[in-house]
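Fold and geometry: a report
As a plain string of letters, each chain reads:
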Amino acid sequence: DTGVSQDPRHKITKRGQNVTFRCDPISEHNRLYWYRQTLGQGPEFLTYFQNEAQLEKSRLLSDRFSAERPKGSFSTLEIQRTEQGDSAMYLCASNGLSRLSGANVLTFGAGSRLTVL
Amino acid sequence: AQRVTQPEKLLSVFKGAPVELKCNYSYSGSPELFWYVQYSRQRLQLLLRHISRESIKGFTADLNKGETSFHLKKPFAQEEDSAMYYCALNNAGNMLTFGGGTRLMVKP
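Residues numbered from 1 in each chain as written. Chains lettered and ligands numbered in written order. Predicted model: local features only at pLDDT ≥ 70, side-chain atom pairs only at ≥ 80, totals over all residues. Heavy atoms only, no water.

**Describing the sheet that holds strand β7 (residues 65-68) of chain A**
All names here are of chain A. As a reminder, the rule being used: When DSSP locates at least two bridges between a pair of strands, those strands are taken to pair. Only DSSP runs of H or I with at least four residues qualify as helices, and only runs of E with at least two residues qualify as strands; both kinds are numbered from the N terminus onward. Here the axes come from fitting lines to C-alpha atoms, over the contacting stretch only for helices, and the angles between their N-to-C directions go from 0 to 180 degrees.
Reading across from one edge, β1-β3-β8-β7 is the order of the 4 strands in this open sheet, with antiparallel pairing throughout. If you trace the sheet from one side to the other, it starts and ends with β1 (5-7) and β7, each paired once. Averaged over all pairs of adjacent strands, the angle between strand axes in this sheet comes to 15°, irrespective of strand direction.

Here it is in structure tokens:
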């Protein structure tokens, strides 16, 4: 287990198409988070899961967005009818003990970059 | 509402100079604050958190509740410190609110 994995790393799509991103968290982490980062901004929280339960959703998550974590392991984030404003880096993170301090902190994946033409 | 502000988009210093990256927050409760760093072509990673009161790579940050600040400091900058730095506030359950980030450039 080398950390949080995201796939695909890059996705270019036409406006109106659906896209799906996958996140595989660190295996022993029970919490999984999705963030979105647009150019020149910090990451913005979208949603998070504890095991398979989606516990919180941001107002940024419109009804075109849906996230699942069916078995409490990997998660998917689907965007339907993409718009140009959806172009961003979609970051996944999982929550567990840090090797730095032993504290409960987020470990981020490399992200999935979406470009909507 | 909780908010994190990093007033400087870019901070450029020479190697060996002191560095201070500013972070101000607004939060009604007892804040839990972090600094995350992203080096070129690498993923976002934790640098330090205020509760631990640790020094990582020579960086320290002190929480000042009176000024609602959590500035990141290093006495002598190194070229390898060049990166994007994000201040973040834990709303609860690790739903972090991030600042807009500061790009630190350390010139030789």
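Past the structure itself, the notes keep going.
**Observations concerning the side chain of R36 of chain A**
How we decide: Relative accessible area decides the class of each residue, using a 1.4 Å probe on protein chains only: under 20% of the type maximum gives buried, over 50% gives exposed, and in between gives partly exposed. The charge count includes Lys and Arg as positive and Asp and Glu as negative, but it does not include His or the ends of the chains. Salt bridges are defined as contacts in which a side-chain nitrogen from Lys or Arg sits within 4 Å of a carboxyl oxygen from Asp or Glu.
Relative to the assigned elements, R36 of chain A resides in strand β4 (residues 31-37). Put simply, R36 of chain A is tucked away with no salt bridge, and the nearest opposite charge, on E44 of chain A, sits 4.1 Å away.

**Some remarks on the pattern of salt bridges**
Taken as a whole and judged by the stated rule, the model has 7 salt bridges over all chains. Across the salt bridge formed by K73 of chain B and E20 of chain B, the nearest N and O atoms sit 3.6 Å from each other. With K73 of chain B in strand β8 (residues 72-74) and E20 of chain B in strand β3 (residues 19-21), this pair connects stretches of sequence that are 53 residues apart. You can call K73 of chain B partly exposed: its relative accessible area is 40%. Judged by its relative accessible area of 28%, E20 of chain B is partly exposed. Through salt bridges with shared partners, one network takes in R64, E83 and D86 of chain A.

**Examining the interface of chain A and chain B**
Inclusion rule: Whether two residues are in contact is decided by their heavy atoms, any of which lying within 4.5 Å being enough. Joining two parts hides part of their accessible area as seen by a 1.4 Å probe, and the buried area is that hidden amount summed over both. Polar contacts here mean pairs of N or O atoms no more than 3.5 Å apart (in protein, one a potential hydrogen donor and the other a potential acceptor; neighbouring residues in sequence count only if both atoms are side-chain atoms).
Between chain A and chain B, the residue contacts involve 23 residues of the former and 19 residues of the latter. The junction of chain A with chain B conceals about 1700 Å² of combined surface from both sides, 56% of it contributed by carbon and sulfur atoms. Our count for the chain A to chain B interface comes out at 4 residue pairs in polar contact (both at pLDDT 80 or more). At the level of secondary structure, the elements contributing two or more residues to the side of chain A that touches chain B comprise β4, β5 (44-50) and β10 (104-108) of chain A.

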